[in-house]
Amino acid sequence: MTLWNAVLIAAIVCVALKTVGYLVPGHVMEAPRPARIADLLTVALLAALVAVQALGLGQAIVVDARLPAVAVAAGLLLLRAPFLVVVAGAAVVAALLRLWGWAV
């Protein structure tokens, strides 16, 4: 199987899953358990994306300026800072650490 075959199969599976999602009756997804699972799944996928983007470099795990920037962003979110302040704070921390030689 080539890479393009795998990509095409994955695309077809994704479209099929989306179609099945439209066929599920609304009252099934409005029940408490499926709604809770959908909420938690969204958070888990977002956390996984952040972890991969903050620690990954190809096939390796790298600790560089991105990790402290994410930590600062998390701290600012815990303090209920506005989103623009969170983004700016993380960007400033990453920029300063890269300026001081902590670059990838």
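Right above here is the structure, for reference.
Note that this is a predicted model, so its numbers are computed, not measured.

Here is what the cut-offs are and how they apply
Residues numbered from 1 in each chain as written. Predicted model: local features only at pLDDT ≥ 70, side-chain atom pairs only at ≥ 80, totals over all residues. Heavy atoms only, no water. Helix = DSSP H or I, 4+ residues; strand = E, 2+ residues; numbered from the N terminus. Rg over C-alpha atoms; globule rule 2.2 N^0.38 Å. Buried < 20%, exposed > 50% of the residue type's maximum accessible area, 1.4 Å probe, protein only. Contact = heavy atoms within 4.5 Å. Axes fitted to C-alpha atoms, helices over the stretch in contact; angles between N-to-C directions. Parallel < 35°, antiparallel > 145°, perpendicular 65-115°, else oblique. Left-handed = near helix turned anticlockwise from the far one by under 90°. Nonpolar A, V, L, I, M, F, W, Y, C, P; charged D, E, K, R; others polar. Core = buried A, V, L, I, M, F, W, Y, C linked by side-chain atoms within 4.5 Å. Patch = residues over 30% accessible without salt bridge, like charges linked within 9 Å, V, L, I, M, F, W, Y side chains within 5 Å. Areas by Shrake-Rupley, 256 points an atom, 1.4 Å probe, with all protein chains shown as cover. Salt bridge = Lys/Arg side-chain N within 4 Å of Asp/Glu carboxyl O.

Please clarify how the overall build of the protein chain should be interpreted in this entry.
On a plain count of helices and strands, the protein chain comes out with five helices and two strands. Across the protein chain, helices and strands are ordered from the amino to the carboxyl terminus as α-α-α-β-β-α-α. Relative to the compact-globule value of 13 Å for 104 residues, the protein chain shows a C-alpha radius of gyration of 19 Å, a clear excess of over 25%. The dimensions of the protein chain, computed from C-alpha atoms along their principal axes, are 55 × 40 × 20 Å. The buried share of the protein chain, reckoned over its 104 residues, is 12%. For the protein chain, the proportion of contacts with a sequence separation of at least 24, taken over those separated by at least 6, is 32%.

Help me understand the packing of helix H4 (residues 66-78) against helix H5 (residues 83-99) in this model?
Between two packed helices, the angle of one axis relative to the other and the distance separating the axes together describe the packing. Where H4 contacts H5, the two axes come as close as 8 Å, and the packing angle between them is 155 degrees. By the angle class used here, H4 and H5 are roughly antiparallel. Relative to H5, the crossing made by H4 is right-handed. For the pair formed by H4 and H5, the contact residues are Arg66, Pro68, Ala69, Val72, Ala73, Leu76 and Leu77 on the first element and Val85, Val86, Gly89, Ala90, Val93, Ala94, Leu97 and Arg98 on the second. Grouping the constituent residues of the contact of H4 with H5 by class yields 12 nonpolar, one polar and two charged.

Mind showing me how you'd approach the nonpolar core here?
Where a protein is soluble and globular, its nonpolar side chains tend to be buried together. Counting residues in hydrophobic clusters, the biggest one holds five residues: Ala69, Ala73, Val86, Ala90 and Ala94. For this core, the secondary-structure elements that each account for two or more residues are H4 and H5. If one sorts the elements of this core by residue count, H5 sits on top with three residues. Sequence-distant contacts of Ala69, defined by excluding residues within four places in its chain, comprise Ala90, Val93 and Ala94.

Any chance you could explain a nonpolar patch on the surface here in plain terms?
A cluster of nonpolar side chains, namely Met1, Ile9, Val13 and Leu17, defines an oily patch on the protein surface of about 450 Å² accessible area. As for its position among the elements, Leu17 is in helix H1 (residues 3-23). According to the relative accessible area criterion, Leu17 is exposed, its value standing at 59%.

Teacher, can you tell me more about the pattern of salt bridges here?
Where side chains of opposite charge bring their charged atoms close, a pairing between them can arise. Under the criterion given, the structure shown has one salt bridge. Of the charged contacts in the structure, one is a salt bridge between Asp64 and Arg66, with a shortest N-O distance of 3.1 Å.

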